[in-house]
Amino acid sequence: MSDTGSDRVTGAGGHAGPASHREPVPGQARRGARSRLTVVSGPSGVGKSSVVGELRRLDPDIYFSVSVTTRPPRPGEVDGAHYHFIDRAVFDKMVAAGELLEHAEFTGNCYGTPREPVERALAEGRPAILEIELQGARQVRAAMPDARLVMLMPPSWEELVGRLTGRGTEEQAAVEARLAEAERELAAAGEFDVRLVNADVGEAARQLLDLLRGDHRLHEQNSGA
Ligand code: 5GP
């Protein structure tokens, strides 16, 4: 990570310190032992960022990975918060050094998950969430078979087209490329452990939180707590 500065990525989750120094908060989705990784995928425009943002509000203890990308920032996006915006040369170096847990090219830009902060969060017992596209989800599945893969689905194809074209942040060609990708992603829904329809952001976020809390309860049962 020397080229991007490891502190930028290390600080990305806003984590205050080792889990052992913090009191568990009742109802939070934390576990004492190594946590499980949850991957949230789904076509562009399905509302992944909104759902994950709401989940973050519901339980700030969950670790949310901040990806690196070669895509230029959209208006309002903050370096280090939404993404770490890097150039292709730095991205290639990170891939070569094995610093990315997974990485993919998506409609002409590169995206990847910095490995170290995710592994640290899991080792500390914090559930961790990646919000990534399909190729990355498949790489995580291969590298970490116990990861849970969640696909966020639109209520209908028409609804997805409406959301993507209505966003107004992209050129027509980029919207079309994203729609083509969306079709491919939805066709892979059967590969996912859980399929969640995002008809309502708050409801989808609560369902995701229930999944993470289910892990917590299971852990308590297994450890006799
Ligand atoms: P956007 O450009 O709209 O922010 O993201 C495009 C796609 O890349 C989305 O589906 C998003 O979930 C995905 N993405 C974001 N970060 C990563 C990452 O680190 N790895 C992979 N494989 N996909 C990512």
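Predicted, not measured: the structure shown is a model, and the values here were computed from it.

### What about the pairing of strand S8 (residues 148-153)?
With 6 of its 6 residues buried, S8 lies for the most part within the structure. Strand direction decides the pairing type here: strand S1 (residues 37-41) and S8, joined by 4 bridges, are parallel. Across the sheet, the residue bridging to Val 39 is Leu 149, located in S8. With 4 bridges joining them, S8 and strand S9 (residues 194-197) adopt parallel strand pairing. Looking at S9, one finds that Leu 152 is bridged to Leu 196.

### Examining the side chain of Glu 77
Positionally, Glu 77 belongs in the loop between strand S3 (68-69) and strand S4 (84-85). The class for Glu 77 is buried, based on a relative accessible area of 19%. Within polar-contact distance, the side chain of Glu 77 engages the side chain of Arg 71 at 3.0 Å. Here the side chain of Glu 77 touches Arg 74 through a polar contact of 2.8 Å, landing on its backbone nitrogen. Contact partners of Glu 77, with chain neighbours within four places excluded, come to Arg 71, Pro 72, His 82, Tyr 83 and Phe 85.

### Let's talk about helix H3 (residues 88-96)
Of all the positions in H3, only Val 90, Phe 91 and Met 94 are classed as buried. Taken end-on, H3 shows its buried residues confined to a sector of 100 degrees, consistent with a single buried face. Close packing links the buried residues of H3 with S3, strand S5 (100-106) and strand S6 (109-114). The N-cap residue of H3 is Asp 87: its side-chain oxygen and the backbone nitrogen of Ala 89 are 3.2 Å apart. Remark: Gly 98 follows H3 within two positions and exhibits a positive phi of approximately 70 degrees.

### What about the sheet that holds S6?
In space, the 4 strands of this open sheet follow the order S4-S3-S6-S5, with mixed pairing throughout. The open sheet terminates on both sides in strands that have one partner only, identified here as S4 and S5. Here S3 runs beside S6; their pairing, made up of 2 bridges, is antiparallel. The partner of Thr 69 across the bridge, within S6, is Tyr 111. This element, H3, spans S3, S5 and S6 of the sheet and lies at about 140 degrees to S5.

About the thresholds
Within any chain, residue numbers begin from 1 and follow the written order of that chain's sequence. Only residues with pLDDT of at least 70 are given local features in this predicted model, and only at 80 or more are side-chain atom pairs given and counted; all residues enter the totals for whole chains, interfaces and linings. Heavy atoms throughout the structure, all of them, feed into the side-chain values; hydrogens and water do not. Throughout this description, buried means an accessible area under 20% of the type-specific maximum (1.4 Å probe, protein chains only), exposed means over 50%, and partly exposed covers the range between. To qualify as a helix, a DSSP run of H or I must reach at least 4 residues; to qualify as a strand, a run of E must reach at least 2; elements of each kind are numbered from the N terminus. When DSSP finds at least two bridges between two strands, those strands are taken to pair. Distance and chemistry together define a polar contact, namely a pair of N or O atoms within 3.5 Å, with one atom able to donate a hydrogen and the other to accept it when in protein, and with adjacent residues in sequence counting only for side-chain atoms on both sides. Two residues form a contact once any of their heavy atoms are found within 4.5 Å. This arc corresponds to the set of directions leading from the helix axis out to the C-beta atoms. A fitted line through C-alpha atoms serves as each axis, taken over the contacting stretch for helices, and the angle formed by two N-to-C directions is quoted from 0 to 180°.

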